[in-house]
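Residue-level structure breakdown
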Number of protein chains: 2
Amino acid sequence: MSKPKTPPRLRFESHQIDKVDATILEALDADARLSMADLGRLIGMSAPAVSERVRRLETAGVIRGFSLDVDTRALGYEIRALVRIRPFPDKLHLVEKLIQETPQVIEYDRITGDDPFLARLVARSVEEMDEVVKTFCEHAVTSTCVIKSSSHTRRLPPLHGP
Amino acid sequence: MSKPKTPPRLRFESHQIDKVDATILEALDADARLSMADLGRLIGMSAPAVSERVRRLETAGVIRGFSLDVDTRALGYEIRALVRIRPFPDKLHLVEKLIQETPQVIEYDRITGDDPFLARLVARSVEEMDEVVKTFCEHAVTSTCVIKSSSHTRRLPPLHGP
DNA sequence: GTTGAAAATAGCACGAA
DNA sequence: TTCGTGCTATTTTCAAC
């Protein structure tokens, strides 16, 4: 009797990563420019082995990319704010386009609840912030709050391997 | 007559970066693992030159670090949510500590307005999300909304050089 | 800023567990 | 499959200019 075929076993189909991958993710999250050699030394593996693991994490979509953590304040953007945006009737798409095209908006979420959007924006001054918010106010009800401080960098949730 | 002494001119004291630095930031923001050699070819400079510019951007605090963009969904966290948190009287510090110690909270902001905190959390299910929120509810009034979708990665604001 | 040389690294083929 | 070794091309780093 032939052995029953198991479906092709994708390593991440069960959303499970092992401890080595978890360590890799944590290390690269702390410093995405670590060399594969250093990473290998860190976890006791050869550079090609970790390199292939990183590549697999990329193709599996776990690692979406490698990015910069920029301090917008050091660039002169003294103000950070969160703006909840509730477009007027039939203005949803227009407002979303406006949000996307506003360069001071560095990130936004489409959310459930009364306000469909939450935008994170930066500005060089309260005046600039107000100008940006005013452009939204032409087509939406907005609610703005200034960020006093933040957790410094977005961190990883628990990574539990088998 | 002796030349009047100009104060030591820090490049970023005026929060101004030149076009080359702006290009470097944009390129590294898109792919933080670009080699200095590639970066140099991109902007028409030698590798040591870009390397030093990147180092200066780091010491100036413009570049805070190099990080990973991880898709939490690929790790099994199906739910992302934003929770506004208003601690009960005298519970502000306790709640902030709780927020910090909750591993599903990947980021939070201290903000102005009625709700002092906004936390971004991930969860493997609605049930897990509810469990996390419940722990906050013991010491605070909360308001939760689920994220339907997001702008994919946080982008840079305008970088205008001289 | 650039160039050039030395050390470190990345990427590949191959063989072993 | 996954990892290790050995090789070569590339990159990083440091020096001198």
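Parameters and conventions
- Residues numbered from 1 in each chain as written.
- Chains lettered and ligands numbered in written order.
- Predicted model: local features only at pLDDT ≥ 70, side-chain atom pairs only at ≥ 80, totals over all residues.
- Heavy atoms only, no water.
- Helix = DSSP H or I, 4+ residues; strand = E, 2+ residues; numbered from the N terminus.
- Rg over C-alpha atoms; globule rule 2.2 N^0.38 Å.
- Buried < 20%, exposed > 50% of the residue type's maximum accessible area, 1.4 Å probe, protein only.
- Contact = heavy atoms within 4.5 Å.
- Domains from an automatic or database assignment.
- Near = heavy atom within 4 Å.
- Polar contact = N/O pair within 3.5 Å; in protein donor to acceptor, adjacent residues only side chain to side chain.
- Buried area = accessible area lost by both parts, 1.4 Å probe.
- Salt bridge = Lys/Arg side-chain N within 4 Å of Asp/Glu carboxyl O.
- Phe/Tyr/Trp six-rings, centres within 6.5 Å; stacked < 30°, edge-to-face > 60°.
- Lys NZ or Arg CZ within 6 Å of the ring centre and 35° of its normal.
- Pairing = 2+ DSSP bridges.
- Axes fitted to C-alpha atoms, helices over the stretch in contact; angles between N-to-C directions.
- Arc of directions from axis to C-beta.
- Least-squares fit on C-alpha atoms with pLDDT ≥ 70 in both.

Chain A is annotated in an unreviewed UniProt entry as Lrp/AsnC family transcriptional regulator from Neorhizobium phenanthreniclasticum.

**Remarks on the overall build of chain A**
Looking only at helices and strands, chain A features five helices and five strands. What you see in chain A, going N to C, is helices and strands ordered as α-α-α-β-β-α-β-β-α-β. For chain A, the C-alpha radius of gyration of 22 Å lies well beyond 15 Å, the compact-globule estimate for 162 residues. The proportion of buried residues among the 162 residues of chain A is 43%. Looking at chain A alone, contacts between residues at least 24 apart form 65% of all its contacts between residues at least 6 apart.

**Digging into the domain arrangement of chain A**
What the domain assignment lists for chain A is domain 1 (14–59) and domain 2 (72–146). Its C-alpha centre places domain 1 of chain A at a distance of 37 Å from the equivalent point of domain 2 of chain A.

**Comments concerning the protein's contact with DNA strand C**
Within the structure, DNA strand C sits among Ser35(A), Met36(A), Ala37(A), Arg41(A), Pro48(A), Ser51(A), Met45(B), Ser46(B), Pro48(B), Ala49(B) and Arg53(B). Backbone atoms, meaning sugar plus phosphate, form 81% of the atoms of DNA strand C positioned within 4 Å of the protein. At a separation of 2.9 Å, a phosphate oxygen of DNA strand C approaches a polar backbone atom of Met36(A). Elements represented by at least two residues in the surface near DNA strand C include exactly α2 (36–43) and α3 (47–59) of chain A together with α3 (47–59) of chain B.

**Observations regarding the interface of chain A and chain B**
Interface size is commonly expressed as the accessible area that is lost once the parts come together. Contact with chain A, which involves 64 residues of that partner, is made by 64 residues of chain B. Each partner contributes to the roughly 6,000 Å² buried at the junction of chain A and chain B, and carbon and sulfur atoms together form 51% of this total. When the buried surface of chain A facing chain B is broken down by residue, Arg33(A), Leu68(A) and Arg155(A) rank first, second and third, together holding 13% of it. Across the salt bridge formed by Asp109(B) and Arg120(A), the nearest N and O atoms sit 2.9 Å from each other. Where chain A touches chain B, the interface holds 43 residue pairs in polar contact (both at pLDDT 80 or more).

**Re the packing of aromatic side chains**
All names here are of chain A. Counting across every chain of the model gives two aromatic pairs over all chains. Ring geometry for Tyr-108 and Phe-117: centres 6.2 Å apart, planes at 65°, overall edge-to-face. The exposure classification of Tyr-108 matches that of Phe-117, with both residues buried. Sitting above the plane of the Tyr-77 ring, Arg-124 keeps its charged end 4.3 Å from the centroid.

**A closer look at the environment of Tyr77(A)**
For Tyr77(A), the location among the structural elements is in the loop between β1 (63–70) and β2 (79–87). For the pair Tyr77(A) and Arg124(A), spaced 47 residues apart in sequence, the C-alpha separation works out to 4.1 Å. For Tyr77(A), the contacting residues outside a window of four places in its chain are Thr72(A), Val122(A), Ala123(A), Arg124(A), Glu128(A), Pro157(B), Pro158(B) and His160(B). Reaching out from Tyr77(A), the side chain makes a polar contact with the side chain of Arg124(A) at a distance of 3.3 Å.

**Brief notes about the sheet that holds β2(A)**
Pairing between sheet strands relies on hydrogen bonds along the backbone, with the strands arranged either parallel or antiparallel. Strand order around the closed barrel formed by eight strands is β2(A)-β4(A)-β3(A)-β5(B)-β2(B)-β4(B)-β3(B)-β5(A), with antiparallel pairing between neighbours. For this sheet, the mean inter-axis angle between neighbouring strands, taken without regard to orientation, is 35°. Taken strand by strand, helix α5 (residues 126–137) of chain B contacts β2 (79–87), β3 (105–111), β4 (117–123) and β5 (140–150) of chain B, and its axis lies near 150° from that of β5(B).

**Some thoughts on helix α2 (residues 36–43) of chain B**
Residue and element names in this part refer to chain B. Within α2, the full set of buried residues consists of Met-36, Leu-39 and Gly-40. Buried residues of α2 fall within an arc of 100° about the axis and therefore sit on the same side. For α2, the exposed residues set more than 90 degrees away from the buried face come down to Arg-41 and Leu-42. Here the buried face of α2 lies against α1 (19–30) and α3. Phi turns positive, to about 70°, at Gly-44, one or two residues after α2.

**Remarks on the environment of Val132(B)**
All names here are of chain B. Tracing the backbone shows Val-132 in helix α5. Taking C-alpha positions, Val-132 is 9.7 Å from Ile-99, a pair spaced 33 residues apart along the chain. Other than its neighbours up to four places away in sequence, Val-132 contacts Thr-102, Gln-104 and Leu-121.

**A look at the relation of the copies chain A and chain B**
The operation relating chain A to chain B is a screw motion whose rotation component is 180°, with 0.0 Å of axial translation and a residual RMSD of 0.1 Å. In short, the pair behaves as if placed about a two-fold rotation axis. Interface overlap between copies is the fraction of interface residues in one copy that are interface residues in the other; for chain A against chain B it reaches 100%, indicating a shared surface.

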